[in-house]
Amino acid sequence: MANSIALFEQYVPLLDEVYKEASRTDVLDGNPELIRVGANANELIIPKMTMDGLADYSRNGGYVSGDVTLTNETVVCNFDRGRMFTVDSMDDAETAGVAFGMLAGEFIRTKVAPELDAFRFATYAGAEGVGFASETLTDGESVVSALRAATNAMDEAEVPMEDRILFITPTLHGLLQDMELVKSREVLSRFSQVVAVPQTRFYTAIQQNDGTSSGETVGGYTKAADGKEINFMVIHRAAVIQFPKHISPKVVSPEMNPDADAWKFGYRQVSIAQVYENKTAGVYVHCKE
């Protein structure tokens with residue numbers, strides 16, 4: 001039993017690596033040093049700073065006193081999903097350990113990461129006040145024009161150029177790459193990073209299946225009835241609160257399973273994805289008509 005625990009403890013970092021490789025939104029994860037756990041299990045405490053602007057300087061009286069306020073805002077985690085799988089010990093033995101050994105990695109790569117990406121993009125796209133445009137883009141010229149409109153909107157709103165990340169479908173990214181370099185290079189230089197996002201993760205709204213209702217037992221997610229396909233999103237890293245509070249992979253060996261002679265693998269993640277209410281200009285969404 002001790003060997004089984006030790007082996008799984010060594011495997012946990014590999015699970016994290018699988019997530020990092022599969023996820024498209026992990027580049028937006030916030031600094032954990034700035035976030036504290038709230039009073040309740042599903043809460044986080046986020047620091048926010050406000051300050052006064054410039055005032056007239058008096059040669060007699062000197063400076064006008066200003067106020068700077070650092071407050072702690074309590075936010076509630078909005079993603080809490082999990083699954084438990086059971087693999088009969090004989091099934092695992094007869095496949096030389098492949099049945100259970102591949103389960104964790106495949107689940108995180110093919111189910112967890114795509115849904116987490118889709119949830120985050122849909123949440124950011126649905127936030128009130130973010131930049132929004134819709135158009136069917138058919139060639140590289142139209143993509144460049146749409147991206148230019150997005151950068152102009154952010155420039156006018158004084159969103160810093162640093163840490164602006166462009167998330168774009170592989171199809172539209174390909175249209176840019178097929179253009180003459182001089183035409184696409186300038187607009188792409190306005191972003192610190194370009195991330196290709198499969199269309200299956202890129203919707204303005206999604207439906208997350210509960211896993212128990214009729215028609216939803218397979219779990220996962222689908223595009224919501226009122227959801228639209230996103231062409232691209234520009235996100236300034238500082239504009240979003242994105243933090244995984246609790247990631248818990250769990251293994252129960254057949255010896256410790258009171259219900260069956262089977263391995264059990266459970267996975268749960270509690271996290272938050274939210275746009276700062278005073279930084280909505282840092283998110284720009286462009287979707288299909």
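Please refer to the structure higher up on the page.
Parameters and conventions
- Here the residue numbers are simple positions, counted from 1 along each chain's written sequence.
- Owing to the predicted nature of the model, reporting of local features is limited to residues with pLDDT of at least 70; listing and counting of side-chain atom pairs is limited to 80 or more, with chain, interface and lining totals taken over all residues.
- Each side-chain value is worked out from all heavy atoms of the structure, with water and hydrogens disregarded.
- Like-charged residues within 9 Å of one another, or nonpolar side chains (Val, Leu, Ile, Met, Phe, Trp, Tyr) within 5 Å, are grouped into patches, provided each residue has over 30% relative accessible area and no salt bridge.
- Each accessible area is a Shrake-Rupley result for a 1.4 Å probe, and residues are judged covered by the shown protein chains and nothing else.
- We define a salt bridge as a side-chain nitrogen of Lys or Arg found within 4 Å of a carboxyl oxygen belonging to Asp or Glu.
- Segments assigned H or I by DSSP are reported as helices when at least four residues long, segments assigned E as strands when at least two residues long, and all are numbered from the N terminus.
- Pairing between two strands requires that DSSP report at least two bridges joining them.
- Axes here mean lines fitted to C-alpha atoms, for a helix over just the part in contact, with angles spanning 0 to 180 degrees between N-to-C directions.
- Residues are treated as being in contact if the distance between any of their heavy atoms lies within 4.5 Å.
- These descriptions rest on fixed angle ranges, namely under 35 degrees for roughly parallel, over 145 for roughly antiparallel, 65 to 115 for roughly perpendicular, and the rest for oblique.
- Polarity classes work like this: nonpolar for Ala, Val, Leu, Ile, Met, Phe, Trp, Tyr, Cys and Pro, charged for Asp, Glu, Lys and Arg, and polar for all others, with Gly in that last group.
- Joining through side-chain atoms within 4.5 Å is the link that ties buried Ala, Val, Leu, Ile, Met, Phe, Trp, Tyr and Cys residues into a set, and such a set is a nonpolar core.
- Classification of residues uses two cut-offs on accessible area relative to the type maximum, computed with a 1.4 Å probe and protein chains only: under 20% is buried, over 50% is exposed, and between them is partly exposed.

Nonpolar side chains collect at one region of the surface, where Met-49, Met-51, Val-68 and Leu-70 lie side by side and expose about 460 Å² of accessible area between them. Listing elements by their share of the nonpolar patch, those giving two or more residues are strand S2 (43-51) and strand S3 (68-76).

The next thing to look at is the sheet that holds strand S13 (residues 283-287). Whenever strands of a sheet pair, they do so through backbone hydrogen bonds, lying parallel or antiparallel. Pairing is mixed across the open sheet formed by five strands, whose spatial order is S5-S13-S10-S6-S7. Either end of the sheet is taken by a strand with one partner, and the two such strands are strand S5 (131-134) and strand S7 (193-196). Averaged over neighbouring strand pairs, the angle between their axes works out to 15° when direction is ignored. Looking at chain direction, strand S6 (residues 164-168) and strand S10 (residues 230-236) are connected through five bridges and run antiparallel. Counterpart to Ile-168 in the pairing with S10 is Phe-232. Sitting on the sheet, helix H5 (residues 140-156) touches S6, S10 and S13, and the angle it makes with S13 is about 155°. Running over the sheet, helix H6 (residues 170-177) touches S6, S7 and S10 and is turned about 105° from S6.

A few words on the side chain of Arg-120. Mapped onto the fold, Arg-120 is located in helix H4 (residues 103-125). Excluding anything up to four places from it in sequence, Arg-120 contacts Tyr-19, Ser-23, Thr-25, Asp-26, Asp-29, Gln-242, Gln-269 and Ala-273.

The next thing to look at is the side chain of His-236. Note that His-236 resides in strand S10. Those residues within four positions of His-236 in sequence are excluded, and the remaining contacts are Val-159, Pro-160, Glu-162, Asp-163, Arg-164 and Gly-282.

Another aspect to go through is the packing of H5 against H6. Axis separation between H5 and H6 bottoms out at 8 Å; the angle between their running directions is 105°. Classed by the angle they form, the pair H5 and H6 counts as roughly perpendicular. Where H5 approaches H6, its residues Gly-140, Val-143, Val-144 and Leu-147 are matched on the opposing element by Leu-172, Leu-175 and Leu-176. Class assignment for the residues of the contact of H5 with H6 results in six nonpolar, one polar and no charged.

The subject of this paragraph is unusual backbone geometry. Look at Glu-158: it is not a glycine, yet its phi comes out positive at around 65°. With respect to the helices, strands and loops of the structure, Glu-158 is situated in the loop between H5 and S6.

Glancing now at the nonpolar core. Membership of the largest hydrophobic core comes to 38 residues, with the highest contact counts inside it found for Tyr-124, Phe-167, Met-233, Ile-235 and Val-283. At 13 residues, H4 tops the list of elements feeding residues into this core. Among residues more than four places away in sequence, those in contact with Ile-235 are Leu-28, Tyr-124, Asp-163, Arg-164, Ile-165, Phe-167, Val-240, Gly-282 and Val-283. Core analysis: the next-biggest nonpolar cluster, separate from the first, contains 19 residues, Val-144, Ile-168, Leu-172 and Tyr-284 among them.

Below, the discussion takes up the pattern of salt bridges. Counted according to the given criterion, the structure contains eight salt bridges. Between Asp-80 and Arg-268 there is a salt bridge, with the nearest N and O atoms lying 2.8 Å from each other. Note that Asp-80 is positioned in strand S4 (residues 79-88) and Arg-268 in strand S12 (residues 262-275), a separation of 188 residues in sequence. For Asp-80, a relative accessible area of 46% translates into the label partly exposed. With its nearest N and O atoms 2.7 Å apart, the salt bridge here joins Glu-115 to Arg-81. With a gap of 34 residues between them, Glu-115 in helix H4 and Arg-81 in strand S4 connect regions that are remote in the sequence. With relative accessibility at 8%, the residue Glu-115 sits in the buried group. A relative accessible area of 22% places Arg-81 in the partly exposed class. Connected via shared salt-bridge partners are Asp-155, Arg-164 and Arg-190.

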